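Descriptive analysis of the structure
Here are the chains, one letter per residue:
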Amino acid sequence: MKNYDILIIGGGITGLSTAYYLVRNGVKSVAIIEKSYVGSGSTGRCGTGIRQQFTTREHIVLMRESVKIWQYWEESLPLPIHFRQGGYLWLLRSEEALNEYKNHVRLQNLFGVPSRIISREEIKEIVPDLNLEGIIGASWCPTDGSAYPQDVLDSLRVFLINSGIKIFDYEEVLDFELKSGRITEVITNKDKYSVSSVLLATGSDTKRLANKLGIDIPLENYKHQIVVSEPLKIFLSPMVVDGSLYFTQTYRGRIIGGTDTNEPPQENLDTSYEFVEKFSNELIRVFPKLASVRLMRQWAGFYVVTPDKHPIIGGTPIPNLYIGTGYSGHGFMLGPIVGKLLAHYITHGMFFLEEANNLTLSRFKEGKLIIEKAVI
Ligand code: FAD
């Protein structure tokens, strides 16, 4: 039997970022259990994007704070994470969309995010080779950007190992022992852990694990596919968004991007030719010069989605069980601030950002949903 104050289940951005902030807060008795390898879940499969262009106070404020951490991590983590503020260029094709995004920009500016609506001429200056046919403007935020997911996890892992934190990979949590309504033991396929607190940072497995504990969490897993191209000379720094299409270029020169195939929730991660075809057609429509680029790899991962497209962070009906999940397609970007918030919540019983109080599990019972409209 091993013994830890705080046991984190899940080696994605939520688990590692929370462990990072627990260490920074002086908590030493922390361990992470990961059923496969660190990054094997959605984090290692994600599209690199980091943006503040959201439509609710909660997302805007959390992402404003997360970007500050991304900047700090870029300077301070032990390995390069390739955080780059190349902006997000959100193309708009109708007057209705333009007016809607003007309102979103107003709210973003109110909370300190420097986004603005730009004209076709300015779009051309930012990405000269875009096909502007049918585009009437864009929402643009120059401080949005991207980072390289596996490099971020590797760097956090090195920080944690150097700080004496154990990461038990290839070990799966199977069950829990409870006494007087609290978790006392966590049982894996290899060992037993005596614990004071547990964080479920288990992404697409969270609903199933919480069910074992008698907690119903409104989460659904949606498959999303993504591709990367052969490496090209660097020519594109922003993330370009056009409807459900998104793409950018990684620091290694590869075009990375995806689009929605509008499939129902499911548990399989098979990839499809239909996705590649849809992505290619949409990409070539907006960026004709990429027509001859070769796509090299395709994979799929889960968006773990709540009914209001906002994450669930904080406590649960079991007093020593915490969760962080349900981010739709934006959990990588939120990872730094969510880790900081969760570490503080676990050790102090409260959030240090007012907006996070609206993101707890209890909002579903209380009917206090907050709808995010800018979902890719
Ligand atoms: P995960 O990274 O899934 O980590 C959970 C971990 O828990 C997994 O490693 C899993 O193996 C482990 N686990 C589960 N059950 C157990 C168990 N019983 N025992 C031990 N370990 C267990 N977000 C962005 O911000 N920007 C993007 O551009 C973006 N693009 C995306 C593109 C795609 C194609 C996909 C699929 C997602 C994208 N996302 C993006 C979303 C983002 O990837 C996720 O929201 C985020 O990575 C979730 O992190 P997590 O740590 O909560 O979960």
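In what follows, the structure referred to is the one given above.
This structure is a prediction, so every number in the text was calculated from the model and none was measured.

**Some thoughts on the sheet that holds strand β6 (residues 137-141)**
Ordered in space as β5-β6-β4-β13-β14-β15-β12-β16-β19, the nine strands form an open sheet in which the pairing is mixed. Of all strands in the sheet, those with a lone pairing partner are β5 (116-118) and β19 (327-328), marking the two edges. The pairing of strand β14 (residues 245-249) with strand β15 (residues 254-258) spans four bridges and is classified as antiparallel. Across the sheet, threonine 248 pairs through a bridge with isoleucine 256, a residue of β15.

**Section: the site of the ligand**
Close contacts around the ligand come from 39 residues, with Glu34, Ser42, Thr43, Gly49 and Met333 the closest. For the ligand, a nitrogen atom lies 3.0 Å from a polar atom in the side chain of aspartate 205. Within the backbone of glycine 329, a nitrogen or oxygen atom sits 3.0 Å from a nitrogen atom of the ligand. Protein contacts shield 97% of the accessible area of the ligand, which totals 1000 Å² for the unbound molecule. Elements with a minimum of two residues in the shell around the ligand: α1 (13-24), β12 (220-231), β16 (295-305), β19 and α8 (331-348). Of the residues contributing to the shell around the ligand, the split by class is 14 nonpolar, 19 polar and six charged. Both of domain 1 (2-48 + 150-218 + 307-366) and domain 2 (85-145 + 220-305) provide at least three residues apiece to the shell around the ligand.

**Some details on the packing of aromatic side chains**
Applying the stated criterion across every chain yields a total of 16 aromatic pairs. Centre to centre, the rings of tyrosine 20 and tyrosine 21 are 4.8 Å apart; their planes meet at 85°, and the pair counts as edge-to-face. Grouping aromatic residues by their ring pairs yields a cluster made of Tyr20, Tyr21, Trp70, Trp73, Phe83, Phe159 and Phe332. Just above the ring of phenylalanine 168 sits the side chain of lysine 2; from NZ or CZ to the centre is 4.5 Å. Sitting over the face of the ring of phenylalanine 54, arginine 51 holds its NZ or CZ atom 3.9 Å from the ring centroid.

**With respect to the side chain of threonine 316**
Structurally, threonine 316 is set in the loop between β17 (312-315) and β18 (321-325). In this structure the side chain of threonine 316 is engaged in a polar contact, spanning 3.0 Å, whose partner is the backbone oxygen of leucine 321. Once residues lying within four places of it in the same chain are set aside, the contact partners of threonine 316 are Ile215, Leu321, Tyr322 and Ile323.

**Focus on unusual backbone geometry**
With a phi close to 75°, threonine 48 is a non-glycine residue in the positive phi region. Position of threonine 48 among the secondary structure elements: in the loop between β2 (30-33) and β3 (49-50). A relative accessible area of 3% means that threonine 48 is categorised as buried.

**Describing the pattern of salt bridges**
One pass over the full model with this rule turns up 19 salt bridges. One salt bridge connects arginine 157 with aspartate 154, and the closest N-O pair in it is separated by 3.3 Å. Of the two residues, arginine 157 and aspartate 154 both sit in helix α5 (residues 149-162), three residues apart, roughly one turn of that helix. Given the relative accessible area of 29%, arginine 157 is considered partly exposed. Between glutamate 282 and lysine 278 there is a salt bridge whose closest N-O contact spans 2.9 Å. Taken as a pair, glutamate 282 and lysine 278 lie in helix α7 (residues 273-286) at a separation of four residues, close to a single helical turn. Salt bridges linked by common partners bring Lys35, Asp205 and Arg208 together as one network.

**Quick notes on the layout of surface pockets**
One number sums up the size of the second largest pocket: a volume of about 270 Å³. Residue lining of the second largest pocket: 15 residues in total, with Tyr222, His224, Asp260, Tyr303 and Lys309 positioned closest to the centre. Going through the elements one at a time, β12 and β16 are the ones with two or more residues in the lining of the second largest pocket. The leading source of residues in the lining of the second largest pocket is β12, at four residues.

Reading the values: rules and limits
Residues numbered from 1 in each chain as written. Predicted model: local features only at pLDDT ≥ 70, side-chain atom pairs only at ≥ 80, totals over all residues. Heavy atoms only, no water. Pairing = 2+ DSSP bridges. Helix = DSSP H or I, 4+ residues; strand = E, 2+ residues; numbered from the N terminus. Near = heavy atom within 4 Å. Polar contact = N/O pair within 3.5 Å; in protein donor to acceptor, adjacent residues only side chain to side chain. Areas by Shrake-Rupley, 256 points an atom, 1.4 Å probe, with all protein chains shown as cover. Nonpolar A, V, L, I, M, F, W, Y, C, P; charged D, E, K, R; others polar. Domains from an automatic or database assignment. Phe/Tyr/Trp six-rings, centres within 6.5 Å; stacked < 30°, edge-to-face > 60°. Lys NZ or Arg CZ within 6 Å of the ring centre and 35° of its normal. Contact = heavy atoms within 4.5 Å. Buried < 20%, exposed > 50% of the residue type's maximum accessible area, 1.4 Å probe, protein only. Salt bridge = Lys/Arg side-chain N within 4 Å of Asp/Glu carboxyl O. 1 Å grid on protein atoms, 1.4 Å probe; cavity = no way out; pocket = protein on both sides within 12 Å on 5 of 7 lines; lining within 4 Å. Points joined across faces, edges and corners; volume = space filled by probe spheres on them.

All we've got here are geometric facts, nothing functional implied.
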